[in-house]
Amino acid sequence: EAQVTQNPRYLITVTGKKLTVTCSQNMNHEYMSWYRQDPGLGLRQIYYSMNVEVTDKGDVPEGYKVSRKEKRNFPLILESPSPNQTSLYFCASSPDTRGELFFGEGSRLTVL
Amino acid sequence: GENVEQHPSTLSVQEGDSAVIKCTYSDSASNYFPWYKQELGKRPQLIIDIRSNVGEKKDQRIAVTLNKTAKHFSLHITETQPEDSAVYFCAPKGVSGGGNKLTFGTGTQLKVEL
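This write-up is about the structure you can find in this document. (Residues numbered from 1 in each chain as written. Chains lettered and ligands numbered in written order. Predicted model: local features only at pLDDT ≥ 70, side-chain atom pairs only at ≥ 80, totals over all residues. Heavy atoms only, no water.)

### Focus: the pairing of strand β6 (residues 56-59) of chain B
Bridge analysis of β6 of chain B against strand β7 (residues 62-67) of chain B gives four bridges, and the strand direction is antiparallel. Bridged to K58 of chain B within β7 of chain B is A63 of chain B. (Pairing = 2+ DSSP bridges. Helix = DSSP H or I, 4+ residues; strand = E, 2+ residues; numbered from the N terminus.)

### Some thoughts on the interface of chain A and chain B
Interface size is commonly expressed as the accessible area that is lost once the parts come together. Counting from both sides, the interface comprises 23 residues of chain A and, opposite them, 19 residues of chain B. Surface buried jointly by chain A and chain B totals about 1,800 Å² across both partners, of which 52% is contributed by carbon and sulfur atoms. Ranking the residues of chain A by area buried against chain B places L43, R98 and F103 of chain A at the top, with a combined share of 30%. On inspection of chain A and its partner chain B, the count reaches two salt bridges. Between E105 of chain A and R43 of chain B there is a salt bridge; the shortest N-O distance is 3.5 Å. The interface formed by chain A and chain B holds six residue pairs in polar contact (both at pLDDT 80 or more) in total. (Contact = heavy atoms within 4.5 Å. Buried area = accessible area lost by both parts, 1.4 Å probe. Salt bridge = Lys/Arg side-chain N within 4 Å of Asp/Glu carboxyl O. Polar contact = N/O pair within 3.5 Å; in protein donor to acceptor, adjacent residues only side chain to side chain.)

### Some words on the state of the cysteines
Residue and element names in this part refer to chain A. Scanning all chains against the criterion turns up two disulfides over all chains. Residue pairing for C23: its cysteine sulfur links by disulfide to C91, the two sulfurs lying 1.8 Å apart. Between C23 and C91, the disulfide has an S-S torsion of -75 degrees and is therefore left-handed. With a gap of 68 residues between them, C23 in strand β3 (residues 19-25) and C91 in strand β9 (residues 87-94) connect regions that are remote in the sequence. Like C91, C23 is buried. (Disulfide = S-S within 2.5 Å. Buried < 20%, exposed > 50% of the residue type's maximum accessible area, 1.4 Å probe, protein only.)

### Let's talk about the pattern of salt bridges
Any two side chains of opposite charge can pair, given that their charged atoms come close. Summed over the entire model, instances satisfying the criterion amount to 13 salt bridges over all chains. Among the ionic pairs, R36 of chain A bridges to D38 of chain A, the shortest N-O distance being 2.8 Å. The residues R36 of chain A and D38 of chain A share a single accessibility class, namely buried. In this structure, E79 of chain A engages K65 of chain A in a salt bridge whose closest nitrogen and oxygen atoms are separated by 2.9 Å. With E79 of chain A in the loop between β8 (76-78) and β9 and K65 of chain A in strand β7 (residues 65-66), the pair connects residues that are 14 residues apart, well separated along the chain. E79 of chain A sits in the partly exposed class, given a relative accessible area of 37%. Connected via shared salt-bridge partners are R9 and E105 of chain A together with R43 of chain B.

### A closer look at the environment of L88 of chain A
All names here are of chain A. Here L88 is to be found in strand β9. Look at L88 and you get buried, because its relative accessible area is 15%. In sequence terms L88 and P8 are 80 residues apart; their C-alpha atoms lie 12 Å from each other. Residues in contact with L88, not counting those within four places in the same chain, are Y35, R36, Q37, G106, S107 and R108.

### Side note on the packing of aromatic side chains
The geometry of an aromatic ring pair is captured by two quantities: the separation of the ring centres and the angle between the planes. All chains considered together, the criterion is met by 13 aromatic pairs over all chains. Arranged with centres 5.9 Å apart and planes meeting at 65 degrees, the rings of Y64 of chain A and Y89 of chain A form a pair that is edge-to-face. Here Y64 of chain A, found in the loop between β6 (54-57) and β7, pairs with Y89 of chain A, found in strand β9; they are 25 residues apart in sequence, far enough to count as distant. We classify Y89 of chain A as buried; its relative accessible area is 1%. Ring geometry for Y25 of chain B against F33 of chain B: centres 5.2 Å apart, planes inclined by 45 degrees, an arrangement best described as tilted. F33 of chain B sits in the buried class, given a relative accessible area of 0%. One aromatic cluster is present, formed by Y35, F90 and F103 of chain A together with Y36, F89 and F104 of chain B through successive ring pairs. (Phe/Tyr/Trp six-rings, centres within 6.5 Å; stacked < 30°, edge-to-face > 60°.)

Geometric values such as these leave the question of function open.
Structure (structure tokens):
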């Protein structure tokens with residue numbers, strides 16, 4: 001089954017404790033991206049990647065890192081999480097930059 | 001990057017009525033215009049899209065119209081049903097900044113009342 005898989009789905013952590021949210025797709029998509037969703041603000045892009053070893057900042061990259069060592073994986077790294085990073089996070093992939101985005105199920109992160 | 005505005009932010013209609021949501025964008029070179037639907041607690045999913053060489057596209061009760069001159073596109077839902085209640089997002093695909101960044105509208109909460 002074609003899908004985008006994120007883990008963990010839910011996480012409660014404390015300020016400053018490094019965490020990684022994994023994202024994997026099995027559709028051989030070139031384009032992958034991360035979004036955060038906050039009430040009233042819609043979906044805001046954090047980082048995106050055009051292909052392996054090619055990543056770039058979206059609109060809200062501060063406090064986040066990503067890597068794309070393999071085509072199928074695009075982890076989101078919070079080196080030192082802060083309470084303002086409490087949000088619902090979505091990973092998405094697409095065959096290229098001009099087509100449909102396929103979203104993962106989302107990861108709800110709470111930073112205390 | 002692309003400036004995207006979506007209106008209205010909330011929309012309440014009676015079952016069977018029509019609903020229209022509008023998305024305005026800034027990049028005149030934008031070439032892909034999708035609409036995503038997000039049901040409560042679920043992921044966003046594409047419901048309809050249109051490319052810049054087409055003015056209108058229809059799929060059963062939903063349609064998207066594009067006005068490139070005015071730089072806006074709209075989602076039309078006819079004969080609304082309770083299962084249409086959701087948040088709808090537009091995400092026009094621009095070419096500025098390399099064309100790989102993506103900006104979503106802030107969403108429209110559609111409520112279909114019985």
